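Analysis of the macromolecular model
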Amino acid sequence: MADTDIRPFKVDIPAQALDDLRRRLAAARLPTKELVDDRSQGVQLATIQELARYWASEYDWRVCEARLNALPQFTTTIDGVDVHFIHVKSRHENALPLIVTHGWPGSVIELLEVVGPLTDPTAHGGAPDDAFDLVVPSLPGYGFSAEPTDLGWYPGRIAQAWAELMRRLGYRRYVAQGGDVGASVTDAMGRQGPEGLVGIHTNLLVTGLAGGDHPANTEEEKAAVAALANFRATGFAYFLEQATRPQTIGYALLDSPVALAAWMLDHDTDAYYKMSRAFVDKQPSGNLTRDHILDNITTYWLTGTGVSAAREYWESGQAQARAQAAGQPPPQVSIPVGFTQFPGEIFLAPRTWVEQGYPTLTYFNKADKGGHFAAWEEPELFSSELWAAFRSLR
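Residues numbered from 1 in each chain as written. Predicted model: local features only at pLDDT ≥ 70, side-chain atom pairs only at ≥ 80, totals over all residues. Heavy atoms only, no water.

This next bit is on the overall build of the protein. For the protein, the helix and strand inventory stands at 17 helices and nine strands. For the protein, the C-alpha radius of gyration of 20 Å lies close to 21 Å, the compact-globule estimate for 394 residues. Along the first, second and third principal axes, the C-alpha set of the protein runs to 55 × 50 × 45 Å. Considering the protein as a whole, with its 394 residues, one finds that 56% of them fall into the buried category. For the protein, the share of sequence-separated contacts (at least 6 apart) that also reach a separation of at least 24 residues comes to 77%. In the form shown here, the protein has an accessible surface area of approximately 16500 Å², with 52% of it arising from carbon and sulfur atoms. Each charge sign in the protein was given a centre, from 33 positive and 48 negative side chains, and these centres are 1 Å apart. (Helix = DSSP H or I, 4+ residues; strand = E, 2+ residues; numbered from the N terminus. Rg over C-alpha atoms; globule rule 2.2 N^0.38 Å. Buried < 20%, exposed > 50% of the residue type's maximum accessible area, 1.4 Å probe, protein only. Contact = heavy atoms within 4.5 Å. Areas by Shrake-Rupley, 256 points an atom, 1.4 Å probe, with all protein chains shown as cover. Lys, Arg positive; Asp, Glu negative; His and termini not counted. Charge placed at Lys NZ, Arg CZ, Asp CG, Glu CD.)

What follows is the structure, given as structure tokens:
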């Protein structure tokens, strides 16, 4: 009989693991300085030097551990994988259940600051009717969720697991949000249409990122085409490696904390420079502080999930290849869809592109700040977008 129990969970990292981390940081062997003045050769030496120095001498993991353990955390076994999740119920009546999915190189850490605004909006400038009962799971193979031991954990299967999680929690009517990989999972949930899901919102247009034939008539549309082309030409290395050879990069990710940090920083240009400035110039961008950035990287290190997280990209690529070979277009989303465009995103998805991917679009907005990790960087603004996007579904 399947184990459907929901078990309380606490983070408790042994002191020996933290001692080992500091030892490895002290023994790190770094390359010479890059030969350019920008990130075009990769993560800059000055950024890694300052990150490693701060990580080894000033950063305190126990602060993050206490923040996590102050929240209700649980695990439950779904389709053979122990899934970790945070579950915070609002004090407001008739709160709308919401499942929020993180991406790569993120974790539940990037969503901790939205817990307050989403579950208690009146303390953050919102109305009682904006409240959510919040579920924040760790993707399989990420952070405190177990890594899958079988093939097939692509976004569609994760979407099915999330529907089971919400059913298991007793929610019969709920909404979903996702960014990055989480946007792919949320997109899949919308297309599968599980019983009880009444709306979705994303902040990365996965139907645009995947390519395809999109309008390119207006200046905004042409700019989006150019941004995507630039990303594929200059910022796609991590994506390609993880989608084709996750095991190869995994040896470095599990053996060297400096390699892990560099790999995780080398994402999109906007996020990279914001994180770099947090260390080199001591100038955080919103909530992207040194400590919060290292909370996320340290979570990957201490759980040893660098390679299992990377494998999700391989799984996603394999699933897309199978669907294309079979000539199977994905089903349309029939429920209401919301989308927020953040100015620092990899590409700024025009409304025409969003409507092309989601004909049932009911909410579209352009935020005035924030980037790829919008919930992490600007949690109050991000939360207000979800208040607005789902208000008509209450």
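In this section: the packing of aromatic side chains. We describe a pair of aromatic rings using the distance from one ring centre to the other and the angle between the two ring planes. Evaluated as defined, the whole model comprises 17 aromatic pairs. Look at Y142 and Y300: their rings are 6.3 Å apart centre to centre, the planes differ by 75°, and that puts the pair in the edge-to-face class. With Y142 in the loop between β5 (132-137) and α5 (155-168) and Y300 in helix α13 (residues 290-303), the pair connects residues that are 158 residues apart, well separated along the chain. With respect to burial, Y142 and Y300 carry one shared label: buried. Taking NZ or CZ as reference, R394 lies 4.4 Å from the ring centre of F132, over its face. (Phe/Tyr/Trp six-rings, centres within 6.5 Å; stacked < 30°, edge-to-face > 60°. Lys NZ or Arg CZ within 6 Å of the ring centre and 35° of its normal.)

So, about unusual backbone geometry. A cis amide bond links W104 with the next residue in sequence, P105, at an omega value of 0°. Structurally, P105 is set in the loop between β4 (96-101) and α4 (115-119). The phi angle at K282 is positive, at roughly 60°, despite the residue not being glycine. Within the secondary structure layout, K282 lies in the loop between α12 (269-280) and α13.

Per the stated rule, a full pass over the model turns up 28 salt bridges. Residue R67 pairs with D295 through a salt bridge whose shortest N-O separation is 3.7 Å. Residue R67 is found in helix α3 (residues 61-69), and its partner D295 is found in helix α13; the two are separated by 228 residues along the sequence. We classify R67 as partly exposed; its relative accessible area is 25%. Here E164 ties to R168 by a salt bridge, and the two come within 3.0 Å at their closest N and O atoms. Of the two residues, E164 and R168 are both situated in helix α5; the distance of four residues between them amounts to about one turn of the helix. Exposure remark for R168: the relative accessible area of 18% places this residue in the buried category. Overlapping salt bridges bring together D20, R23, R24 and D255 as one network. (Salt bridge = Lys/Arg side-chain N within 4 Å of Asp/Glu carboxyl O.)

If you look at the biggest cluster of nonpolar residues, it comprises 115 residues, and the most contacted ones within it are W61, L68 and I297. Element by element, the count of residues in this core is highest for α5, at seven residues. Those residues in contact with W61, other than ones at most four positions away along the chain, are V11, I13, L18, L68, F144, D295, T298, T299 and L302. (Core = buried A, V, L, I, M, F, W, Y, C linked by side-chain atoms within 4.5 Å.)

In this fold, K274 is placed in helix α12. The class for K274 is buried, based on a relative accessible area of 9%. If we skip the residues at most four places from it in the chain, K274 touches Q283, S285, L288, G370, G371 and E377.

Another aspect to go through is helix α10 (residues 246-255). Structurally, the α-helix is built with 3.6 residues per turn, so residues lying three or four positions apart point the same way. Within α10, the full set of buried residues consists of P246, I249, G250 and L253. End-on, the buried residues of α10 take up no more than an arc of 115°, which puts them together on one face. Residues of α10 that are buried make contact with α9 (237-244), α11 (257-265), α13 and α14 (306-325). (Arc of directions from axis to C-beta.)

By the secondary structure assignment, A28 is in the loop between α1 (15-26) and α2 (45-57). A sequence separation of 228 residues divides A28 from S256, and the C-alpha atoms of the two residues are 7.6 Å apart.

What follows deals with the layout of surface pockets. The space that makes up the largest pocket amounts to roughly 1600 Å³. Around the largest pocket, the lining is made up of 49 residues, and of these D187, V206, A210, S316 and Q320 lie nearest the centre. Secondary structure elements with two or more residues in the lining of the largest pocket: α5, α6 (181-192), α7 (206-209), α8 (219-234), α9, α14 and α15 (351-357). Ranked by residues supplied to the lining of the largest pocket, first place goes to α14 with eleven residues. Considered class by class, the residues forming the lining of the largest pocket number 24 nonpolar, 18 polar and seven charged. Put simply, the second largest pocket is a space of about 290 Å³. Lining of the second largest pocket is provided by 15 residues; of these, P31, G42, V43, I48 and A262 occupy positions nearest its centre. Looking at the lining of the second largest pocket, the elements that each hand over two or more residues are α2 and α11. (1 Å grid on protein atoms, 1.4 Å probe; cavity = no way out; pocket = protein on both sides within 12 Å on 5 of 7 lines; lining within 4 Å. Points joined across faces, edges and corners; volume = space filled by probe spheres on them. Nonpolar A, V, L, I, M, F, W, Y, C, P; charged D, E, K, R; others polar.)

Another point: the sheet that holds strand β9 (residues 361-366). Taken in spatial order, the nine strands line up as β1-β2-β3-β5-β4-β6-β7-β8-β9 in an open sheet, and their pairing is mixed. Each edge of the sheet is formed by a strand with only one pairing partner; in this case those strands are β1 (6-8) and β9. Each strand axis lies, on average, 25° off the axis of its neighbour in the sheet, ignoring direction. With three bridges connecting them, strand β7 (residues 197-202) and strand β8 (residues 337-341) associate as parallel partners. Each bridged residue has a counterpart across the sheet, and for T202 the counterpart in β8 is F339. (Pairing = 2+ DSSP bridges. Axes fitted to C-alpha atoms, helices over the stretch in contact; angles between N-to-C directions.)

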